[in-house]
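Results of the structural survey
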Amino acid sequence: MKFNNINVQISPKAIIGANVKIGDNTVIYDNVVIGDNSIISNDCIIGEPLNDYYFSEEYENPKTIIGENALIRSHTIIYADSVFGKNFSTGHRVTIREKSKFGDNCRLGTVTDIQGYVEFGNNCWLHSNVHIGQQSKIGNFVFIYPYVVLTNDPTPPSNICVGSTIGDFSQIAVGTVLLPATEIGKHCLVGAQSLVGGKYEDYSLIIGNPGKRIKDVRDLKSRETGESHYPWPYNFQRGMPWEGEGFDSWKKSNGYEND
Amino acid sequence: MKFNNINVQISPKAIIGANVKIGDNTVIYDNVVIGDNSIISNDCIIGEPLNDYYFSEEYENPKTIIGENALIRSHTIIYADSVFGKNFSTGHRVTIREKSKFGDNCRLGTVTDIQGYVEFGNNCWLHSNVHIGQQSKIGNFVFIYPYVVLTNDPTPPSNICVGSTIGDFSQIAVGTVLLPATEIGKHCLVGAQSLVGGKYEDYSLIIGNPGKRIKDVRDLKSRETGESHYPWPYNFQRGMPWEGEGFDSWKKSNGYEND
Amino acid sequence: MKFNNINVQISPKAIIGANVKIGDNTVIYDNVVIGDNSIISNDCIIGEPLNDYYFSEEYENPKTIIGENALIRSHTIIYADSVFGKNFSTGHRVTIREKSKFGDNCRLGTVTDIQGYVEFGNNCWLHSNVHIGQQSKIGNFVFIYPYVVLTNDPTPPSNICVGSTIGDFSQIAVGTVLLPATEIGKHCLVGAQSLVGGKYEDYSLIIGNPGKRIKDVRDLKSRETGESHYPWPYNFQRGMPWEGEGFDSWKKSNGYEND
Ligand SMILES: CC(C)(COP(=O)(O)OP(=O)(O)OC[C@H]1O[C@@H](n2cnc3c(N)ncnc32)[C@H](O)[C@@H]1OP(=O)(O)O)[C@@H](O)C(=O)NCCC(=O)NCCS
Ligand SMILES: CC(C)(COP(=O)(O)OP(=O)(O)OC[C@H]1O[C@@H](n2cnc3c(N)ncnc32)[C@H](O)[C@@H]1OP(=O)(O)O)[C@@H](O)C(=O)NCCC(=O)NCCS
Ligand SMILES: CC(C)(COP(=O)(O)OP(=O)(O)OC[C@H]1O[C@@H](n2cnc3c(N)ncnc32)[C@H](O)[C@@H]1OP(=O)(O)O)[C@@H](O)C(=O)NCCC(=O)NCCS
């Protein structure tokens, strides 16, 4: 239904892999490289030119690299000069600015807004309507829920731009704001609607406005089982590389033996 | 200005009612049924195929039913497999996922994001930028204001998915998060920017982070009149079925005699 | 790349200035006036007809005036009956409803939603995903950060609509809600994720949920310098009319001698 070759514009300077589908009304600009078996759905813009394009005759679009097996849903805008690993997927109307780096198996939800100059590891899942400020550095297996904002200017407006860092496996629940330069360790959980600044050790449970570490996340018991759900990789497998095998076995052969 | 039949795509398998207008660049996919006298504005997608479409040759689009007199504004995406009562309207860029059920006279504001697998009664008004997680169950005459989020996973990420319920006539003010499985009774008011979990009786006024019931909503006096504004149906009529007649008279003949 | 004259629709009743570029798939409706040297990028809608258009045969689109040197990015929708000063710019997917007035040099970020019936002075910068309710009145050099919401109905739903006012140079940090009729003086800073109501004098630092004035913003010391960053115009020049000259000198010849 979506792939009728209606109003598709593909730059002759783009490189489109084998078996790629491109939806109606989608535009692929100069110097975009799309990996094999990818699907770019309808009404997307890939390789959106940077600001200079509007003002300079000599503008040349930087390279944009999308790995194999991507699934980009409709109305998504990806600026030029970003790199995405394999199996990248987006919801609708996602915006990704330049100099964004994503590892493999990352997913971004509808309306999520990546401000550029950010780095994500592998297997990060951002849900709908997440906002990531510039200079954020995110590890692997980090999930961020709707309406979370990562900031970078401590005294706005200023020329300071210090992003937050989030360690592997940490989870940031809905509606939370991370103040500039916040450091969240590994395997943390930041509760919903929190306002968080400062530095937190691994396995912290952080909640509140202002946010505080209230306990070790391993001491948070599930209402269903009475056992701790965290570290969650032992209890959640869907879509994870340890699906079937289990985290315990997987981690040893994948560089996470200490997690 | 909007209805020039430019780039309109309508599936031969869609059923379009009498006197329906469809705006430029709008796509209506297979098995969509649109009720009489509806307006689908420009650049909309109605009957967006589900995820399987991308991966299965045999995919068949489920039915999508939009009642009579709808007004869908531009750039709205409605997934297949949802049902909408009469007089349904949306702002711009609304996203509605599959298995969403809306009664009559519902309105959704710009950028609002319905995650699917939800049920709304009649006359619900969601303003701009509301996010409704799966398994939410909302009564009648519930109004939800901008940047409210209804969640469903208590310990993310997990396989638990328990939505919130909101009773008839309740109001959820801007920026509030409802934690998973929250139960809001009838005629409640949840104040702005609250973080709410747990179960609340009818007529509760709930505010704060963490949110607490601070009093009976009928004890909240209006600064203008010194009288209570709540239960609001006695004091607000615009667009309501009791407009002109008054709530007191209307409720008796419409099944709300106890409200 | 964007200006190929593909699917552009311009009403014969629109007035397009000299040296204006209009991107592919953009629609300019009746009675829009676009100033010289402006760029309207692809997939925009300028002069979106008001609600009456859908219901009245005699509907006539009110005037929309965009000053010279505008840069409107893709997928932005600007309703008819608004006025914008020179050098106006937007990100992607901005929505601006009718009866919005913006001075010179204003910027709106991606997905920002202006509900109409609002007034902004000069040099206001709204970042991504800001929501401005009707009847808001904003001064000059006011910057508003992502996910801020300005409300207007104190006891929803009601027929009362009282917007907030924000004085010159004030800054509203991310995720903050201003309750209806809030009055923020000049040179204030409202901290991130605050819930603010009431009236605040000039130079207030306001934070928290519920928000309180905690001190004079001039007493907030920068971690870098140990000096106060506020009033920020003395310490921030990028894109400001005092760039190069300095605020101290500029303000005397520009009507801000008391700031
Ligand atoms: C952090 C979290 C897991 C805590 O849940 P919990 O341990 O079940 O907490 P409880 O509901 O038992 O509450 C314990 C106390 O902490 C308070 N509290 C709970 N979560 C809070 C939060 N995020 N911020 C501030 N206070 C919080 C409760 O009000 C309660 O206070 P009380 O003892 O005075 O009544 C939960 O708040 C959370 O954020 N869940 C994630 C929701 C989400 O975003 N899911 C993903 C999207 S669907
Ligand atoms: C719940 C609500 C109606 C309470 O308003 P109110 O009774 O006028 O409250 P007041 O302004 O008199 O404040 C009473 C106290 O409660 C606090 N308070 C008010 N609303 C609060 C809220 N949402 N959360 C936490 N505290 C709140 C005030 O700071 C004040 O504290 P103080 O006595 O220490 O100064 C109001 O907060 C609200 O949410 N209004 C709806 C706004 C909205 O979203 N409208 C729809 C979109 S336009
Ligand atoms: C208002 C602000 C500047 C205060 O920062 P600060 O003076 O550095 O504050 P500190 O981090 O030293 O914190 C002082 C105390 O106030 C608390 N606090 C700080 N900001 C707070 C806020 N917004 N709300 C509630 N409490 C806050 C801290 O938790 C700390 O409490 P403690 O003493 O109990 O630990 C900061 O909160 C803020 O909002 N920055 C702007 C972020 C932003 O939106 N930038 C623009 C987008 S990038």
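Because the structure is a prediction, the values reported are computed rather than measured. (Residues numbered from 1 in each chain as written. Chains lettered and ligands numbered in written order. Predicted model: local features only at pLDDT ≥ 70, side-chain atom pairs only at ≥ 80, totals over all residues. Heavy atoms only, no water.)

**With respect to the UniProt feature "domain: Mannose-1-phosphate guanyltransferase C-terminal" (unreviewed entry) in chain A**
Cut-off, in case you're wondering: UniProt positions are given in the numbering used here, feature names are shortened, and annotations may be inferred rather than shown by experiment. We count a stretch as a helix when DSSP gives it H or I for four or more residues in a row; a strand needs E for two or more, and each element gets its number in order from the N terminus.
UniProt records the feature "domain: Mannose-1-phosphate guanyltransferase C-terminal" (unreviewed entry) at residues 7–98 of chain A, using the numbering of this structure. A distance of 25 Å separates the end C-alpha atoms of residues 7–98 of chain A, which is 0% helix and 34% strand.

**Some details on the interface of chain A and chain B**
For the record, the criterion: In this description, contact between two residues means that some pair of their heavy atoms is separated by no more than 4.5 Å. When two parts are put together, the accessible area they lose, computed with a 1.4 Å probe and summed over both, is reported as buried area. We define a salt bridge as a contact between a side-chain nitrogen of Lys or Arg and a carboxyl oxygen of Asp or Glu at a distance within 4 Å. Any pair of nitrogen or oxygen atoms within 3.5 Å is treated as a polar contact; in protein, a donor-acceptor pairing is required on top of that, and neighbouring residues in sequence qualify only through side-chain atoms on both sides. Asp, Glu, Lys and Arg are counted as charged, while Ala, Val, Leu, Ile, Met, Phe, Trp, Tyr, Cys and Pro are counted as nonpolar; the rest, among them Gly, fall into the polar class.
The interface is formed by 37 residues belonging to chain A together with 43 residues belonging to chain B. The junction of chain A with chain B conceals about 3,200 Å² of combined surface from both sides, 58% of it contributed by carbon and sulfur atoms. The largest contributions to the chain A side of the interface with chain B come from Met1, Tyr147 and Gln193 of chain A, which together make up 25% of the buried area. Linking chain A with chain B are one salt bridge. In this structure, glutamate 48 of chain B engages lysine 2 of chain A in a salt bridge whose closest nitrogen and oxygen atoms are separated by 2.8 Å. On inspection of chain A and its partner chain B, the count reaches 22 residue pairs in polar contact (both at pLDDT 80 or more). Its residues assigned to classes, the side of chain A that touches chain B comprises 16 nonpolar, 14 polar and seven charged.

**What to know about the site of ligand 3**
Selection rule: To be near a molecule or strand, a residue needs just one of its heavy atoms within 4 Å of it. All accessible areas in this document rest on Shrake-Rupley with a 1.4 Å probe, and a residue is counted as covered only by the protein chains that are shown.
Asp153 and Leu195 of chain A together with Ala192, Leu220 and Arg223 of chain C are the nearest of the 19 residues found near ligand 3. Around ligand 3 the close residues trace back to chains A and C. Between ligand 3 and lysine 212 of chain A, the relevant distance is 3.1 Å, taken from an oxygen atom to a side-chain nitrogen or oxygen of the residue. A distance of 3.1 Å separates an oxygen atom of ligand 3 from a polar atom in the backbone of valine 174 of chain C. For ligand 3, the protein covers 68% of the area, taking 910 Å² as the surface of the free molecule. Per-class residue counts for the shell around ligand 3 are eleven nonpolar, five polar and three charged.

**A look at the site of ligand 1**
Close to ligand 1 lie 19 residues; Val174, Ala192 and Arg223 of chain A together with Asp153 and Leu195 of chain B are nearest. One chain alone does not account for the residues near ligand 1; they come from chains A and B. One nitrogen or oxygen atom from the main chain of alanine 192 of chain A is found 2.8 Å from an oxygen atom belonging to ligand 1. Proline 154 of chain B has a polar backbone atom sitting 3.2 Å from a nitrogen atom of ligand 1. Considering ligand 1 on its own, with 910 Å² of exposed area, one finds that the protein chains cover 68% of that surface.

**What about the sheet that holds strand 2 (residues 15–16) of chain A?**
Residue and element names in this part refer to chain A. Our working definition: In this description, strands pair whenever DSSP reports at least two bridges between them.
Overall, parallel pairing links the ten strands, which are arranged 2-5-8-11-14-17-20-23-26-29 in an open sheet. Bordering the open sheet on either side are strand 2 and strand 29 (199–200), each of which pairs with just one other strand. Two strands pair when backbone bridges link them, and strand 8 (residues 64–66) and strand 11 (residues 83–84) are joined in this way by two bridges, in the parallel orientation. Paired with isoleucine 66 across the strands is phenylalanine 84, a residue of strand 11.

**A word on the interface of chain C and chain B**
The figure often quoted for interface size is the accessible area lost as the parts come together. Contact residues are listed per partner, giving 43 residues for chain C and 37 residues for chain B. Considering only the side of chain C, the residues that lose the most area to chain B are Tyr54, Pro156 and Pro157 of chain C, jointly responsible for 21% of the buried surface there. Summed over the shared surface of chain C and chain B, the number is one salt bridge. Secondary structure elements with two or more residues in the side of chain C that touches chain B: strand 7 (45–48) and strand 10 (77–79) of chain C.

**Considerations on the sheet that holds strand 18 (residues 125–126) of chain A**
All names here are of chain A. With mixed pairing, eleven strands are arranged side by side in an open sheet as 3-6-9-12-15-18-21-24-27-30-31. With one partner strand each, in any of the chains shown, strand 3 (21–22) and strand 31 (211–216) form the two edges of the open sheet. By the bridge criterion, five bridges tie strand 30 (residues 204–208) to strand 31 in an arrangement that is antiparallel. Following the sheet pairing, isoleucine 206 is matched in strand 31 by arginine 213.

**Regarding the side chain of threonine 176 of chain A**
Keep this limit in mind: Using a 1.4 Å probe on the protein chains alone, a residue whose accessible area is under 20% of its type maximum counts as buried, one over 50% counts as exposed, and one in between counts as partly exposed.
By the element assignment, threonine 176 of chain A lies in the loop between strand 24 (171–172) and strand 25 (177–178). Residue classification places threonine 176 of chain A among the buried residues on the basis of a relative accessible area of 0%. A distance of 3.5 Å separates a polar atom in the side chain of threonine 176 of chain A from the backbone oxygen of alanine 173 of chain A. If we ignore the near neighbours within four places in the chain, the residues touching threonine 176 of chain A are Tyr147, Val148, Val149, Val190, Gly191, Ala192, Gln193 and Ser194 of chain A together with Gln193 of chain C.

**So, the relation of the copies chain C and chain B**
The condition is simple: We superpose the copies by least squares over the C-alpha atoms of residues that have a pLDDT of at least 70 in both of them.
With an RMSD of 0.0 Å, the fit of chain C onto chain B corresponds to turning through 120 degrees and sliding 0.0 Å along the axis. Such values leave the two copies arranged in the relation of a three-fold axis. Relative to the rotation axis, the closest C-alpha in chain C is found at asparagine 209 of chain C, a distance of 4.2 Å. A distinct binding surface is used by each copy, with only 19% of the interface residues of chain C retained as interface residues in chain B.

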